[in-house]
Amino acid sequence: MPSRGFRYLSICIYMPCMCVLNSPHPLHFHSQARRGMPQTVCPAAGTMFTPSGFNPHLASTCSEADPVIEDEGGPQEARGPGACLAEGPPITSASLDTLIQHLVPTTDYYPEKAYVFTFLLSARLFISPPELLARLCETCIKQQQLDQMRKFGPKILQLLTEWTETFPTDFREEKMVGLFKDIIHRIAPCDEAYWKTLSQVLQTLNQKLAAIAQGEECIVKVNASSVSSISDKLVAFKTKSPPIQKEMLSICNDPYTLAQQLTYIELEHLSHIGPEEFVQAFVQKDKLDSTQPCFSEQKKKTTNLEAYVRWFNRLCYLVATEICMPAKKKQRAQVIEFFIDVARECFNIGNFNSLMAIISGMNMSPVSRLKKTWGKAKTAKFFILEHQMDPTGNFYNYRTALRGAAHRSQTANSNREKIVIPFFSLLIKDIYFLNEGCANRLPNGHVHFAKFVELARQVGEFMTWKQMECPFETDRSILHYLHTAPIFSEDGLYLASYESESPENQVEKDRWKALR
């Protein structure tokens, strides 16, 4: 049976209503798991356990622990374009106008790519994307009046290209599209080649938006089928006809194949998550920020992020259901051993999210209490995996393994060795505590830019990993089962567990009586 030291592993339940955090805790954890969950603080960049330097576009990091550069006049503004990520002292704070000034290119200057990503990611907390694009449009008008558009055009075109490639959902609004076309009409007449380039940018943007919309439609369908498959009572399975009542081992009995299909689902989910969702998930009114929120509740979209966390929870419950469902002890032991092997294959692939979901499912109380079943199973490999994902030391072992996977990805020749899928709930938790521990603005009203450099580093690493295309062939029957197979609710799991192995104490007997 699972080791006691690992019993408090949390199963993250991230409800849609939690995408805007009004409570002090960003995640709901399994009721038995909350007490022992280690807490994260906002550490200095040097003490962050995430793989530093993995994203080639982010040259360095800043954190709240970095001192604010001051002179006699107070906190120092940016000394030069992109200074926070290039040469010279890092920008730790600056006014919003100054930061915007460093974003906007001129005839002889273009901002560092890392600066562009960092600012576009975080600026939505202070200025809406349409307002920011309107500022760019104003600059175009000024350059046009100065007859500098031929020199300025290529650079504003490059900035728009980076913006549409990295944050395509910003351009879902009609106002954004209108401003974008306005800029196009000002730039394009300067050079015939601009028309072709701009039309390609617009075409690529439309393709991205269409893919995002299609992905969201799929999420709705999958979520609907997943919700309808949850069962509270054991009788729900007993009343199903034999063709519908299947088990995982009848669909797939090869651990490596199942690990590959899980990896496909993980990468599919990751591909739909935009970097802006990490910021929008934790938007709240900053006590030191006198401005109004930059977007309404309706625009705080974290659809893909929420769907991914729901997938994690579904996999946890699916594993627990598959173990509790068989009537015979020997069959349950076989299912446990099978999922241990699947978890090991996920670890080898670099799929830490599925690995953690499987371990979490096996550590749920209805499963872990099956002492006779665990006694029949070979669990040596399971304890090794538990050790790798042990929460001790703020998941130190896992973070070390993640660094190793990231390094392997950088040097790999095979696409199969380039896969890095982090334990997503922990990534969200890290970002949440970074956000909670560091103010968005300093008392003098300056933007706390060092915080957003660290945020961009963490999100930037994730963006690099999510771009990986799955190298494995898909098996539609397995994928369909993973998405739609009936699963027990928590009460259903307890009921199935008590049916398999009778209650051992009065608490369990009382619960069993209440469930029957």
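As the structure is a computational prediction, the values presented were derived from the model and not from experiment. (Residues numbered from 1 in each chain as written. Predicted model: local features only at pLDDT ≥ 70, side-chain atom pairs only at ≥ 80, totals over all residues. Heavy atoms only, no water.)

A look at the overall build of the protein chain
Inference 1: Check the secondary structure of the protein chain and you find 22 helices and six strands.
Inference 2: Per-residue burial over the protein chain gives 55% buried out of 516 residues.
Inference 3: Of all intrachain contacts in the protein chain linking residues separated by at least 6 positions in sequence, the fraction that spans at least 24 positions is 78%.
Inference 4: Per element, the accessible surface of the protein chain, about 22900 Å² overall, is 52% carbon and sulfur. (Helix = DSSP H or I, 4+ residues; strand = E, 2+ residues; numbered from the N terminus. Buried < 20%, exposed > 50% of the residue type's maximum accessible area, 1.4 Å probe, protein only. Contact = heavy atoms within 4.5 Å. Areas by Shrake-Rupley, 256 points an atom, 1.4 Å probe, with all protein chains shown as cover.)

Focus on the packing of aromatic side chains
Inference 1: Within this structure, the stated rule accounts for 21 aromatic pairs.
Inference 2: Relative to Phe449, the ring of Tyr115 has its centre 5.6 Å away and its plane inclined at 40 degrees; by these criteria the two rings are tilted. Pair noted here: Tyr115 is in helix α2 (residues 113-122) and Phe449 is in helix α19 (residues 449-466), with a separation of 334 residues, a long-range link.
Inference 3: When the centroid spacing of 5.5 Å and the interplanar angle of 80 degrees are considered together, the rings of Phe352 and Tyr398 count as edge-to-face. Remark: Tyr398 occurs in helix α17 (residues 392-411) and Phe352 occurs in helix α13 (residues 352-362); sequence separation between them is 46 residues. (Phe/Tyr/Trp six-rings, centres within 6.5 Å; stacked < 30°, edge-to-face > 60°.)

Observations regarding the nonpolar core
Inference 1: If you look at the biggest cluster of nonpolar residues, it comprises 136 residues, and the most contacted ones within it are Phe119, Leu258, Phe278, Met362 and Phe424.
Inference 2: Looking at this core, the element that brings in the most residues is helix α11 (residues 303-324), giving 13 residues.
Inference 3: With five residues, the next largest nonpolar core counts Tyr494, Leu495, Tyr498 and Trp512 among its residues. (Core = buried A, V, L, I, M, F, W, Y, C linked by side-chain atoms within 4.5 Å.)

Structural notes on the packing of α11 against α13
A pair of packed helices is captured by two measures, namely the crossing angle of their axes and the spacing between those axes.
Inference 1: Two elements in contact, α11 and α13, have axes whose closest approach is 8 Å; the angle formed by their N-to-C orientations is 45 degrees. Taken as axis vectors, α11 and α13 run oblique relative to one another. Seen from above, α11 lies across α13 with right-handed handedness. Across the interface between the two elements, Tyr308, Phe312, Leu315, Cys316, Val319, Ala320 and Ile323 of α11 pack against Asn353, Ser354, Met356, Ala357, Ile358, Ser360, Gly361 and Met362 of α13. (Axes fitted to C-alpha atoms, helices over the stretch in contact; angles between N-to-C directions. Parallel < 35°, antiparallel > 145°, perpendicular 65-115°, else oblique. Left-handed = near helix turned anticlockwise from the far one by under 90°.)

What about the confidence of the model for the protein chain?
As a note on interpretation, predicted positions should not be read in detail where pLDDT is low.
Inference 1: In this model, the protein chain carries a mean pLDDT of 78, and residues with pLDDT of at least 70 account for 75%.
Inference 2: Put simply, strand β2 (residues 28-29) is where the protein chain has its lowest mean pLDDT, 30, and α13 is where it has its highest, 97. (pLDDT = per-residue confidence, 0-100.)

With respect to helix α12 (residues 329-349)
Inference 1: Compared with an ideal rise of 1.5 Å per residue, which puts 21 residues at 30 Å, α12 spans 31 Å between its outermost C-alpha atoms and is within 8% of the ideal.
Inference 2: A positive phi of about 105 degrees marks Gly350, the residue just after α12. (Expected span 1.5 Å × (residues − 1).)

A short note on unusual backbone geometry
Inference 1: One non-glycine residue, Asn394, adopts positive backbone phi at about 55 degrees.
Inference 2: Along the chain, Asn394 turns up in helix α17.
Inference 3: Even without glycine at this site, Phe395 takes up a positive phi of about 60 degrees.
Inference 4: Topologically, Phe395 is positioned in helix α17.

A closer look at the pattern of salt bridges
Inference 1: Across all of its chains, the model carries 13 salt bridges by this definition.
Inference 2: The salt bridge partner of Arg135 is Asp97, with a shortest N-O separation of 3.2 Å. Of this pair, Arg135 sits in helix α3 (residues 129-145) while Asp97 sits in helix α1 (residues 96-103); the two residues are 38 residues apart in sequence, bridging distant segments of the chain.
Inference 3: Classification of Arg135 by relative accessible area gives partly exposed; the value is 29%.
Inference 4: Among the ionic pairs, Arg186 bridges to Asp182, the shortest N-O distance being 3.3 Å. Note that Arg186 and Asp182 are positioned in helix α5 (residues 174-187) at a spacing of four residues, about one turn of the helix. (Salt bridge = Lys/Arg side-chain N within 4 Å of Asp/Glu carboxyl O.)

Considering the environment of Lys328
Inference 1: Take Lys328: it is sitting in the loop between α11 and α12.
Inference 2: Residue Lys328 is classed as exposed on the basis of its relative accessible area, which comes to 57%.
Inference 3: Sequence separation of Lys328 and Ser500 is 172 residues, and the distance between their C-alpha atoms is 7.6 Å.

Notes on the side chain of Thr379
Inference 1: Relative to the elements of secondary structure, Thr379 occurs in the loop between α15 (371-376) and α16 (380-388).
Inference 2: Not counting the four nearest positions on each side in its chain, Thr379 is found in contact with Ile340 and Trp374.

Digging into a positive patch on the surface
Inference 1: Together, Lys328, Lys329, Lys330, Lys372 and Lys376 line one region of the surface with positive charge.
Inference 2: Tracing the backbone shows Lys376 in helix α15. (Patch = residues over 30% accessible without salt bridge, like charges linked within 9 Å, V, L, I, M, F, W, Y side chains within 5 Å. Lys, Arg positive; Asp, Glu negative; His and termini not counted. Charge placed at Lys NZ, Arg CZ, Asp CG, Glu CD.)

Digging into the packing of α11 against helix α21 (residues 490-500)
Inference 1: Where α11 contacts α21, the axes come no closer than 9 Å and their chain directions differ by 20 degrees. In terms of orientation, α11 and α21 fall into the roughly parallel class. Two packed elements cross with a definite hand, and for α11 against α21 that hand is left-handed. Residues Tyr317, Ala320, Thr321 and Cys324 of α11 form the contact with α21, whose participating residues are Glu490, Leu493, Ala496, Ser497 and Ser500.
Inference 2: Class assignment for the residues of the contact of α11 with α21 results in five nonpolar, three polar and one charged. (Nonpolar A, V, L, I, M, F, W, Y, C, P; charged D, E, K, R; others polar.)

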